[in-house]
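# Results of the structural survey
Residue strings, one per chain:
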Amino acid sequence: MPRLSKEEIRELIEKSYRARTNVLKMMKKGEGHIGGAFSALDIMTVLYNCILKHDPENPKWPDRDRFILSAGHKVMGLYATLSDQKYFDEEILWTYNTLNTRVPMHPDEKVLPGIEFPTGSLGHGLAVANGIALSARLDKKDFRVFVILGDGECAEGSVWEAAMSAGHHKIDNLTAIVDRNGFQVNGATKDIMDTSSFEDKFKAFSWEVRTIGGHDISGIYNALSSVPFKSGKPSCIIADTTKCKGLSIGEDKFEFHHWHCALEEIDSAINLVNKQKEEEYAKIK
């Protein structure tokens with residue numbers, strides 16, 4: 001399996017941190033679900049730049065791979081990623097959370113290219129991904145389906161119905177990625193509804209499972225490049241991430257799940273994100 005070069009890793013880090021900066025710029029109205037957007041951004045960056053078969057100039061290309069953001073409140077990170085991929089002009093980002101915006105607080109596939117399904121009511125994305133992946137089998141297509149779930153979202157029973165169904169139907173063109181950042185809107189996930197161990201649960205439903213560091217660009221790439229992990233089984237990647245990764249004042253704090261900020265805090269936050277990017281660069285040897 002080919003591995004990423006140091007230069008490719010640097011480029012992906014640059015893109016993920018540019019996306020974080022754009023997420024902060026989107027928050028001029030004073031709020032946004034920044035914590036999960038930041039924790040999932042490295043995964044989305046690798047997906048769209050290295051893994052997915054997609055075409056921004058033809059968003060409904062029938063043979064494209066599909067990506068479902070089941071935890072729809074993390075969509076600010078997806079918007080920034082899609083903009084970087086040239087699905088739409090960057091200026092659209094700055095209308096976030098305004099009247100008639102094309103980038104609302106939860107994704108809407110009817111108003112923005114690149115969005116596959118409207119999510120936000122948690123627990124539905126995996127079932128939708130199952131259906132799309134099965135449709136590929138019926139239509140004799142070779143596209144794949146990837147879905148990101150939140151660890152807090154996995155308290156929803158519908159997630160486990162979908163997981164059981166995927167294993168039963170041997171949907172091996174399906175990959176679920178659990179963004180395990182440990183926090184949700186009102187506290188630590190383990191205190192609100194302890195759903196561990198994800199590894200054991202998905203294995204019990206006949207999935208092939210790997211656990212990775214969710215901010216290790218090489219590790220993310222290697223795992224996503226290896227799916228399906230086993231023929232005849234859906235693949236699950238448990239990604240251990242940091243809530244609000246890249247913004248030091250918000251990391252591992254549930255208060256930054258949905259951050260209400262003053263306009264003057266944004267520039268300071270952008271400076272902190274840029275500082276963190278330089279620290280990430282320094283780790284590449």
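Residues numbered from 1 in each chain as written. Predicted model: local features only at pLDDT ≥ 70, side-chain atom pairs only at ≥ 80, totals over all residues. Heavy atoms only, no water.

A word on the nonpolar core. Judged by nonpolar contacts, the single largest core of 62 residues is most densely connected at Leu24, Ile34, Leu47 and Phe67. Of all elements in the fold, only helix 1 (6–26), helix 2 (34–51), strand 2 (66–69), helix 3 (75–84), strand 3 (145–150), helix 8 (217–224), strand 8 (235–240) and helix 9 (263–282) reach the threshold of two or more residues within this core. A per-element tally of this core places helix 2 first, with 11 residues. Residues in contact with Phe67, not counting those within four places in the same chain, are Met44, Leu47, Tyr48, Leu52, Leu78, Glu116, Phe146 and Ile148. (Core = buried A, V, L, I, M, F, W, Y, C linked by side-chain atoms within 4.5 Å. Buried < 20%, exposed > 50% of the residue type's maximum accessible area, 1.4 Å probe, protein only. Helix = DSSP H or I, 4+ residues; strand = E, 2+ residues; numbered from the N terminus. Contact = heavy atoms within 4.5 Å.)

So, on to the packing of helix 1 against helix 3. Geometry of a packed helix pair, given as the angle between the helix axes and the separation of the axes. Between helix 1 and helix 3, whose axes approach to 9 Å, the crossing angle comes to 120°. When the axis of helix 1 is compared with that of helix 3, the two are oblique. As helix 1 packs across helix 3, the resulting crossing turns out to be right-handed. Touching Lys15, Arg18, Ala19, Asn22, Val23 and Met26 of helix 1 are Met76, Gly77, Tyr79, Ala80 and Asp84, all from helix 3. (Axes fitted to C-alpha atoms, helices over the stretch in contact; angles between N-to-C directions. Parallel < 35°, antiparallel > 145°, perpendicular 65-115°, else oblique. Left-handed = near helix turned anticlockwise from the far one by under 90°.)

With that out of the way, let us pick up the sheet that holds strand 4 (residues 174–180). Spatially, the 5 strands line up as an open sheet ordered 2-3-4-8-7, and their pairing is parallel. Across the chains shown, the open sheet's two edge strands, defined by having one partner strand only, are strand 2 and strand 7 (208–213). Taking each pair of neighbouring strands and ignoring which way they run, the sheet shows an average axis angle of 20°. Direction of pairing for strand 3 relative to strand 4: parallel, over a ladder of 6 bridges. (Pairing = 2+ DSSP bridges.)

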